[in-house]
Amino acid sequence: MSGFVLLFVCLTLLVECYGGGGFSLYVSSVSGNDHNNGRSPSSAFRTLQRTQTASRYYLTKMSSGHMKPTDINIYMSPGTWRLTETWKMNASDSGVHGHYVNWISTKEGSASISGGRKITEKWQKVSVDNGSLPPLWMVQFTDTTGLQSRHLFGNGKRLQRGVVPHGTNHHPPTPIPPPAKLIETAQGYTTTWKGVSNWLKNPTTVEFVYTQQGANWVEPRCTVQSIEVQNNHDDDEHSNTSHHLPQRGGAAVTTYNIKMKQPCFYMLTHKPYNQGAHYPYYIENSGVSYLTCPGCWYFDVQGKAIYYRATNETEDPNMVNFVMPTLDILLMAQGQQEQNTHKLNPVSRIRFVGVTFEYATWGRPSQGNGYVPIQSGVCLINNNTRSDDSSWQKSLSNVQFHLCRDVHFVGCHFQHLGGFGLDLANIAQHNTVHRCKFEDISGAAVQIGDMNDPYQNKTERMDLNNSITSCTSVSTAVEYSGAVSLSVGYSRNTTIQHNRVSHTSYGGISIGWGWARRVGNYMAYNQVSNNDVFHYKTRLRDGGGIYTLSTQQHSIMNENWVHDQVIHEREKQGAYYYDEGSAYWTAKNNVAGVSGSVDWLFIWTNTIHSIVVEGTYTNTTNIENHGTNITVKNTHQCKCRNLSKLVAH
């Protein structure tokens with residue numbers, strides 16, 4: 001039996017074991033036609049929306065008794081559905097009478113839901129002066145609808161925007177000037193640095209990045225609103241007293257007054273807990289002259305052109321498959337709540353099997369609110385600088401299921417995403433993410449739960465009984481450093497098990513919210529077990545391989561394997577990190593492989609309490625324990641070369 005047939009049979013059997021056969025619909029982005037009836041591969045629909053309409057029609061017949069209730073199996077042939085607007089679902093897309101609506105890729109990973117626009121216009125080589133760099137190319141557009149300046153992919157690889165570096169050892173281009181030459185004002189900055197002249201054509205796309213400014217675990221971003229150019233002489237009293245810039249003996253001086261977008265800049269500089277950021281670490285998207293890295297790019301908005309620095313002398317961009325994401329959200333599924341009775345009507349009983357979600361962007365960081373995270377991608381917005389964590393907002397996920405129940409993603413791929421990956425929240429219950437792969441994502445792979453409702457006492461309104469199992473997460477938080485690959489807020493009976501998490505700029509798994517401020521929250525019975533977390537914290541400090549917050553009654557953390565933390569010098573926070581208010585965990589038979597000054601267990605303050613850590617295997621004696629009623633026993637220090645063999649996955 002061929003591999004294709006075997007896989008198709010396996011996927012079909014997976015669905016039929018739940019639905020008992022079912023009613024079949026077919027959709028093909030290649031050979032389908034929306035005038036077909038969709039009842040066979042040869043009469044497949046073409047679009048997802050037409051298929052969805054047909055599914056709703058048959059669901060209505062089943063609900064009304066005019067058709068025997070059964071599963072609806074929608075078979076998606078290999079191909080790409082390029083969306084021009086967000087695909088939306090609601091409760092009317094739910095399976096009825098205990099049955100499911102199953103969206104099934106007939107070949108795992110080959111049915112793609114994409115928010116990307118292919119760049120098909122012809123590239124032209126641009127003459128360059130610097131012979132040490134590969135050629136610079138340009139593509140001109142007559143229609144820039146949907147194009148954006150944040151994300152571009154070439155042959156499935158994320159491309160870097162041009163960067164003005166930090167420090168003095170980069171030439172070309174000229175690095176960011178020291179703080180004495182980039183002076184903060186209430187609205188932004190003022191400077192005589194000549195590099196700003198390269199920004200004047202497209203100032204609103206220039207982005208300041210504040211790596212570990214204000215706090216070691218965040219990397220905020222704000223973009224420029226406008227630049228005022230002021231030509232003065234140093235003997236002009238106004239130019240000196242107004243901007244406090246150094247004298248130059250009467251020589252002509254150009255002063256640039258950089259106005260940053262608001263409220264981003266205000267929130268950035270007035271973050272609570274004295275965590276305001278003031279001086280950028282580097283600057284992105286700053287003009288063609290800063291395309292000095294092979295494979296980097298720049299979108300000239302005013303000139304309606306994209307510039308691209310080839311990866312080598314012989315690369316021809318006309319032979320590269322360039323895709324630019326144009327949508328923030330690929331799929332939004334939202335349940336309903338009746339206004340008068342407050343009855344919940346969730347999106348429910350839907351499965352996605354083997355489907356790929358790819359090529360999306362996220363526009364907000366380029367807009368007024370920017371990206372001002374407090375922690376784990378949870379941000380200040382709308383001029384809010386309060387220390388009330390319930391007023392902060394999660395970052396946008398490119399696939400969202402809110403007010404959902406009994407929704408399942410099996411064998412799906414999430415890749416090349418410019419926001420966060422998948423979000424299950426706002427009363428998400430009994431949902432599973434199983435055997436999925438998350439790769440090349442700007443933020444977190446998966447977000448579960450809310451950050452705003454810690455004291456919910458009605459079970460039917462909690463985020464409850466959700467799971468992430470047997471998934472792979474690699475190369476996440478590649479843009480929004482400080483996001484955590486698998487991120488769980490207020491949630492109860494959440495299972496994170498048998499996952500492989502690696503190559504992320506910050507932490508691997510984070511569960512809980514509220515610090516020591518939210519004692520008595522509803523979090524409980526959470527389980528983090530049998531996970532392999534490695535090559536984490538590649539960029540930011542003060543995080544853990546597995547990290548917890550606040551009280552979580554009856555929760556367990558067993559048989560995890562955390563190893564190979566990248567930042568390990570002059571860094572204490574390490575493998576297992578219980579932060580403020582963490583309590584009521586039992587952790588058994590975990591393994592920690594760390595190096596340098598890293599602690600295998602980090603419990604730093606007395607608000608952390610009532611935790612049992614037993615039977616840990618580790619290659620270090622480094623530990624920090626300043627908690628209350630913390631039991632650490634039967635710890636095994638060893639020099640085993642392969643500690644992973646000690647974990648029974």
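Computed from a prediction, not measured in an experiment: that's the story for all the values here.

Rules behind the numbers
Residues numbered from 1 in each chain as written. Predicted model: local features only at pLDDT ≥ 70, side-chain atom pairs only at ≥ 80, totals over all residues. Heavy atoms only, no water. Phe/Tyr/Trp six-rings, centres within 6.5 Å; stacked < 30°, edge-to-face > 60°. Helix = DSSP H or I, 4+ residues; strand = E, 2+ residues; numbered from the N terminus. Buried < 20%, exposed > 50% of the residue type's maximum accessible area, 1.4 Å probe, protein only. Lys NZ or Arg CZ within 6 Å of the ring centre and 35° of its normal. 1 Å grid on protein atoms, 1.4 Å probe; cavity = no way out; pocket = protein on both sides within 12 Å on 5 of 7 lines; lining within 4 Å. Points joined across faces, edges and corners; volume = space filled by probe spheres on them. Nonpolar A, V, L, I, M, F, W, Y, C, P; charged D, E, K, R; others polar. Expected span 1.5 Å × (residues − 1). Contact = heavy atoms within 4.5 Å. pLDDT = per-residue confidence, 0-100. Pairing = 2+ DSSP bridges. Axes fitted to C-alpha atoms, helices over the stretch in contact; angles between N-to-C directions. Salt bridge = Lys/Arg side-chain N within 4 Å of Asp/Glu carboxyl O.

**Quick word on the packing of aromatic side chains**
Phase 1 of the analysis: Per the stated rule, a full pass over the model turns up 32 aromatic pairs.
Phase 2 of the analysis: Ring geometry for Tyr189 against Phe208: centres 5.5 Å apart, planes inclined by 25°, an arrangement best described as stacked. Placement of Tyr189 in strand β14 (residues 188–191) and of Phe208 in strand β15 (residues 207–209) is noted, with a sequence separation of 19 residues between them.
Phase 3 of the analysis: Classification of Tyr189 by relative accessible area gives buried; the value is 1%.
Phase 4 of the analysis: Here Tyr308 and Phe322 contribute two aromatic rings whose centre-to-centre distance is 5.2 Å and whose plane-to-plane angle is 80°, an arrangement assigned as edge-to-face. Highlighted residues: Tyr308 in strand β20 (residues 305–309) and Phe322 in strand β21 (residues 322–325), separated in sequence by 14 residues. Each member of the pair Tyr308 and Phe322 is classed as buried.
Phase 5 of the analysis: The ring of Tyr100 carries Arg349 above its face, with NZ or CZ at 4.3 Å from the centroid.
Phase 6 of the analysis: One cation-aromatic arrangement involves Arg351 over Tyr100; the distance from NZ or CZ to the ring centre is 3.6 Å.

**Details of the layout of surface pockets**
Phase 1 of the analysis: Taken as a whole, the largest pocket spans an internal volume of roughly 610 Å³.
Phase 2 of the analysis: What lines the largest pocket is a set of 28 residues, among which Arg158, Leu159, Gln160, Arg161 and Val478 lie closest to the centre.
Phase 3 of the analysis: Looking at the lining of the largest pocket, the elements that each hand over two or more residues are β11 (157–158) and β18 (282–284).
Phase 4 of the analysis: For the lining of the largest pocket, the class distribution of residues is eight nonpolar, nine polar and 11 charged.

**Some thoughts on helix α2 (residues 48–63)**
Phase 1 of the analysis: End to end, α2 covers 22 Å across 16 residues, agreeing with the expected 22 Å (1.5 Å per residue, within 8%).
Phase 2 of the analysis: Among the structural elements, β1 (23–27), β2 (72–76), β3 (79–82), β4 (87–89), β5 (101–105) and β6 (111–114) are those in contact with the buried residues of α2.
Phase 3 of the analysis: A positive backbone phi angle near 85° is found at Gly65, which sits one or two residues after α2.

**Quick word on the confidence of the model for the chain**
Phase 1 of the analysis: Across the chain, pLDDT averages 91, with 90% of residues at or above 70.
Phase 2 of the analysis: This model gives residues 1–8 a pLDDT under 50, and the stretch forms seven contacts once residues within four places in sequence are excluded.
Phase 3 of the analysis: Across residues 168–172 the pLDDT falls below 50, and counting only partners more than four positions away or on other chains, this stretch makes five contacts in the model.

**Brief notes about the sheet that holds strand β9 (residues 136–140)**
Phase 1 of the analysis: An order of β8-β9-β20-β19 is seen for the four strands of this open sheet, with the pairing classed as antiparallel. Both edges of this open sheet fall to β8 (123–126) and β19 (297–300), since each of them pairs with a single strand only. Neighbouring strand axes in the sheet, compared pairwise and without regard to direction, differ in orientation by 25° on average.
Phase 2 of the analysis: Note that β8 and β9 share four bridges and pair antiparallel. Bridge pairing in β9 links Val126 to Leu136.

**What to know about the pattern of salt bridges**
Phase 1 of the analysis: Overall, the coordinates contain 24 salt bridges when judged by the stated rule.
Phase 2 of the analysis: For the salt bridge of Asp440 with Arg158, the shortest nitrogen-to-oxygen distance reads 2.7 Å. With Asp440 in strand β33 (residues 437–441) and Arg158 in strand β11, this residue pair connects regions lying 282 residues apart in the sequence.
Phase 3 of the analysis: For Asp440, a relative accessible area of 10% corresponds to the buried category.

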